[in-house]
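This is what each chain is made of:
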Amino acid sequence: NLARNKLRMQSRGLNALGCSSSASGSNKHVRLEVPPKIVGIVSLSGESVSESSELEEQVRTLLSKESNASSGDHTYQYDSHKKSKLTILTNATSFAPTTNNPTGDTLLTAALDLARICDVLLLVIEGSTTLLSSQSSLDAEKMMDTALLSPRGEAILQALKNQGLPTSYSLLACRPIDREATKNAKNRVLKRRMEVKKYVQRFATTEFGDGAKSLVVDLVDADTMEENATTPVVVTSNSQTATLIRTLCQGSSSPPKWTLLRSNLLSQTHVYHPSTQTLELTGYLRGHPPLDIHQ
């Protein structure tokens, strides 16, 4: 078990904890802490890059608000899953090139980098308000192929599949039902939501094979954000949140197999120190030696 945990730790690029039980300071044994599971959030929806980025951040906000402990690197722990930690990264903010204005092309390359180091990918599809409020099932069915996935999202998905995917889940993110809507309007939205949910499950099965899993969460529109809030407000039912977190914490996961065949170093930030002529890299290390986080 120690050997297996050490391999997992090394492949994720995280530190082991050495424990000394002797007064002289000699190590009698080494306790290896189970490393966080790395979860990447990639939006497949959104007409613009900003909409896509906002959707990813809303999902991360949903997951972070339910945690009881967090750290600066977006690592979270939950009371109901104390043995598991999640490091949650979004596509738009993790490996997008060093620019304050990412484009569709930069998000595509960033998604490929993100998939290289993740244990789990959440592929987020937004249930658009227009689609969910359509008057007829026929209109909704015609809109699904174009309203759910953006052209950029389709390109990202195809590129990810060509490169090789880690464990992946499809996540349908819907806006909550307007409380002031009429009863007929609410019932129509609920009916459309069930149709979209079935469509997303078929999408997951088609893209990732039998047994592929899809999940659903509710998000709040940007217009209903709290005043002066720096992140979008998220409202979702307790059962939806619990199901999503339980799936991420307890579900089986694995990175792309090809990333474990050799050492892969993916830098997130870098700093050059002229005085020592040293380049300091912060990021993730996957795969087998010769590269090792302890060297």
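For the structure, see preceding data.
Overview of the structure. Owing to the predicted nature of the structure, the values given are computational and were not obtained by experimental measurement.

Quick notes on the rules
Sequence order as written defines residue numbering, which begins from 1 separately in each chain. Totals for whole chains, interfaces and linings use all residues, but because this is a predicted model, local features are given only for residues with pLDDT of at least 70 and pairs of side-chain atoms are given and counted only at 80 or more. Each side-chain value is derived from all of the structure's non-hydrogen atoms; neither hydrogens nor water enter the calculation. Under the DSSP-based scheme used, a helix requires at least four consecutive residues in state H or I and a strand at least two consecutive residues in state E, with every element numbered from the N terminus. The length a helix should cover is 1.5 Å for every residue beyond the first. Between buried and exposed lies partly exposed: a residue is buried under 20% and exposed over 50% of the maximum accessible area for its type, with that area taken using a 1.4 Å probe on protein chains only. Think of the arc as the fan of directions from the helix axis to the C-beta atoms. Here, the term nonpolar core denotes a set of buried Ala, Val, Leu, Ile, Met, Phe, Trp, Tyr and Cys residues that are joined through side-chain atoms within 4.5 Å. What makes two residues a contact is simply this: any of their non-hydrogen atoms within 4.5 Å.

1. Some details on helix α7 (residues 151-163)
Its 13 residues give α7 an end-to-end C-alpha distance of 19 Å, which sits within 8% of 18 Å, the value for a rise of 1.5 Å per residue. Within α7, burial applies to Arg-152, Gly-153, Ile-156, Leu-157, Ala-159 and Leu-160. Along the axis of α7, the buried residues cluster in a sector spanning 165°; they form a single face. Summarising the geometry of α7, the exposed residues directed more than 90 degrees from the buried face are Pro-151 and Asn-162. Taken from the residues just after α7, Gly-164 is the one with a positive phi, measuring 120°.

2. Quick word on the nonpolar core
As a rule of thumb, nonpolar side chains are buried together in soluble globular proteins. Core analysis: the largest hydrophobic core is formed by 30 residues, its most contacted members being Val-42, Leu-44, Phe-95, Leu-114, Ile-117, Leu-121 and Leu-160. Elements that contribute at least two residues to this core include exactly β3 (37-43), α4 (104-117), β7 (120-127), α7, β8 (167-174) and α8 (183-208). At six residues, the largest contribution of residues to this core is made by α4. Contact partners of Leu-160, with chain neighbours within four places excluded, come to Ala-111, Leu-112, Ala-115, Leu-121, Leu-123 and Leu-165. By size, the runner-up hydrophobic cluster in this structure holds 23 residues, among which are Val-39, Tyr-76, Ile-88 and Leu-244.

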